[in-house]
Amino acid sequence: MDKKTTTGHITALVTIMIWGTTFISTKILLADFTPIEILFFRFLLGLLVLIIIYPKRLKIKDKKQELTFAAAGLCGICLYYLLENIALTYTMASNVGIIISVAPFFTAVLSHVFLKTEEKLKVQFFVGFVVAMIGICLISFNGKELELNPIGDILAVAAALVWAVYSLLTRKISSYGLNTIGTTRKIFTYGILFMLPFLFVFDFNLDVQKVIKPEYALNLIYLGLGASALCFVTWNYAVGVLGTVKTSVYIYIVPVITATSSVIVLKEKITWIAAIGIGLTLIGLFLSESKLKLRKRGK
């Protein structure tokens, strides 16, 4: 494994570790903020930071590239988070967590169909997917009964599919040879523009007093600078280096990070079912990332 590939794996892992802990900040902010307010403020803050870091204008060659950026902003910034948040109002968080974790599978299938540059899917990818999903189910339900809700669950599936499309679009954008921070900034810009109409549909209220409250401000900064500005840059970089499939399988360990951070920060107890789930999820990730070929036994 060369240095660039190693860096790609590290950046993907760091990204997922931060994304896996965002629920803590979101949970705190939901006391006084609506989901659309949190979404808008975090990405607006992230955009401002990216503009400061990289103020240069990107040299876009044609309208086709511009449309790709617009589509990435619509899918990865606007639709994905809106669908996920709306899904949470209809179905259990455990359902959404499991269904969103199917995103790597959707990504792999779409990559196989549309991207000829991606590696061919091997048997161990599908084995890893099944093992990881079993582990994620154990972590998410943890002894609770399964409660299906068609509307919420379908919206969660749509969110996972939208993220898969976003992954393909960022892979395409990475081939343009542009600055990663600059491309992420442009994606954020389009994402926020597409988000604006939804501010009038959902309960959005610009209350500066809430925003500047220290506890809320710190959590918004964490979401805006860490989970948005930093993580989308590192994620887009990882996709450019590793490809869509290898990067997306790191999504499997979001529930692992979430469960672990719940124990450390919220002092929640981890059950033996969740512990087994964590182990299976990590094994599934290893299998999906593995390049080892499964040999058939001779007769």
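Before any of the text, the structure's been laid out above.
Residues numbered from 1 in each chain as written. Predicted model: local features only at pLDDT ≥ 70, side-chain atom pairs only at ≥ 80, totals over all residues. Heavy atoms only, no water.

Asks: Looking at this structure, how should I read the pattern of salt bridges?
Replies: Side chains that differ in charge, positive against negative, can pair when their charged atoms come close. With the rule as written, the count across this model stands at two salt bridges. Close ionic contact of Lys-210 with Glu-37 constitutes a salt bridge, the shortest N to O distance being 3.4 Å. Of this pair, Lys-210 sits in helix H10 (residues 208-211) while Glu-37 sits in helix H3 (residues 35-53), placing them 173 residues apart in sequence. No difference in accessibility class separates Lys-210 from Glu-37, as the two residues are buried. The partner of Glu-66 in a salt bridge is Lys-186, and the shortest N-O contact between them spans 3.1 Å. In this pair, Glu-66 is assigned in helix H4 (residues 63-90) and Lys-186 in helix H9 (residues 180-201), connecting sequence segments 120 residues apart. Taking the relative accessible area as the measure of exposure, Glu-66 reaches 23% and is therefore partly exposed. (Salt bridge = Lys/Arg side-chain N within 4 Å of Asp/Glu carboxyl O. Helix = DSSP H or I, 4+ residues; strand = E, 2+ residues; numbered from the N terminus. Buried < 20%, exposed > 50% of the residue type's maximum accessible area, 1.4 Å probe, protein only.)

Asks: Please explain the packing of aromatic side chains as it appears in this structure.
Replies: Both the distance between ring centres and the angle between the ring planes are used here to describe each pair of aromatic rings. In total, this model carries 22 aromatic pairs according to the counting rule given. Seen in terms of ring centroids, Phe-105 and Phe-106 are 6.5 Å apart; in terms of plane orientation they differ by 55°. Their pairing is tilted. Its relative accessible area of 24% is what places Phe-105 among the partly exposed residues. The interplanar angle of 70° and the centroid separation of 6.2 Å between the aromatic rings of Tyr-166 and Phe-232 together place this pair among those described as edge-to-face. In this pair, Tyr-166 is assigned in helix H8 (residues 150-174) and Phe-232 in helix H11 (residues 214-242), connecting sequence segments 66 residues apart. Pair check on accessibility: Tyr-166 and Phe-232 agree, each one buried. (Phe/Tyr/Trp six-rings, centres within 6.5 Å; stacked < 30°, edge-to-face > 60°.)

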